[in-house]
Amino acid sequence: MFANLETASPETLARGYTEEEGAYTCVVCGKRFADGEIYPAGEKLLDARHAAQAHAEEERDARFEALLALADKLTENQKALLASIREGLSDRELAERMGVAQSTVRNQRFQLRERAKAARVLLALWDMAAQGKTKTGDETLVPVHEGATMVDDRFVITEAEEKKILSSVFESMEPLRLKVFSAKEKKKIVILRRIAQEFERGRHYTEAEVNEILEAIYPDYVTLRRYLIEYGYMGRVRDGSDYWRS
């Protein structure tokens, strides 16, 4: 998983955990450290903040690789360059590893640095622009969920559209009861998004527990479970013994 890329700052993603609601949550695996609790770390006992920091340090390599995989606008050479830079290699060592001239490495490093600067400016502009509000709020887009496996036009859903879909497909919101699982992609995403909220972030579930929660929402719980996994709303280990909200 990842802290929502639409709202998480670069600092949060680099740091490795979010700080909210009296807890610290790993942006990679969702492990939660609650204020007031003490956590073992080797021979030490740590408070929540320091435990989150220690955990994030352990997950640093996994976090870097996961973020690198999400950087679909970078070429494979650029990704390899970033990975090599992270190792602390010199331009000469990078050139030897990549089989190119030192000047090529320097040029690519310069281009990446300039893109990073431009991205920071764009991020600041986006944040400032996003603070503006429409007259009705109907044009506000629903955030893409953290574990989305593929982001495309299906996820362009306004809050007004979401509200309309929810009222049409659910017969009850409390308790949550689904009337029909739509085959239309936008409706499917809205449905899965709402159902995923029935699972606690940071908690792990057995398959039996997942089935019990989903069957109470809709008789065909197997279909719901499959799409929650397929669309990245939930994660699970290969043998299905452990599930969690992404």
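Refer to the structure printed above.
Residues numbered from 1 in each chain as written. Predicted model: local features only at pLDDT ≥ 70, side-chain atom pairs only at ≥ 80, totals over all residues. Heavy atoms only, no water.

J.: Before we move on, could you go through the sheet that holds strand β10 (residues 243-245) and cite the residues and values that matter?
T.: Pairing is antiparallel in the open sheet, where 3 strands are placed in the order β8-β10-β9. Since the sheet does not close on itself, it has two edges, and those belong to β8 (204-205) and β9 (234-236), each with one partner. Pairing between β9 and β10: 3 bridges, direction antiparallel. From the neighbouring strand, Met234 faces β10, where its bridge partner is Arg245. Against the sheet, helix α10 (residues 221-230) engages β9 and β10, with an angle of about 90° to β9. (Pairing = 2+ DSSP bridges. Helix = DSSP H or I, 4+ residues; strand = E, 2+ residues; numbered from the N terminus. Contact = heavy atoms within 4.5 Å. Axes fitted to C-alpha atoms, helices over the stretch in contact; angles between N-to-C directions.)

J.: Give a detailed account of helix α8 (residues 185-196), specifying residues and quantitative values.
T.: When the terminal C-alpha atoms of α8 are compared, their 16 Å separation across 12 residues agrees well with the 16 Å that a helix rising 1.5 Å per residue should span. Buried within α8 we find Lys188, Ile189, Val190, Ile191, Leu192, Arg194, Ile195 and Ala196. In this fold, the buried residues of α8 make contact with α7 (159-169), β6 (170-173), β7 (176-178), α9 (207-215), α10 and β10. (Expected span 1.5 Å × (residues − 1). Buried < 20%, exposed > 50% of the residue type's maximum accessible area, 1.4 Å probe, protein only.)

J.: Could you give an account of the sheet that holds strand β2 (residues 23-26), with specific residues and numbers?
T.: Ordered in space as β1-β2-β3, the 3 strands form an open sheet in which the pairing is antiparallel. A strand with exactly one partner marks an edge of an open sheet, and here the two such strands are β1 (17-20) and β3 (32-34). Within the sheet, the average angular offset between the axes of one strand and its neighbour, ignoring direction, is 20°. Pairing analysis gives 4 bridges linking β1 to β2, with the strands arranged antiparallel. Among the inter-strand pairings, Thr18 is bridged to a residue of β2, identified as Thr25.

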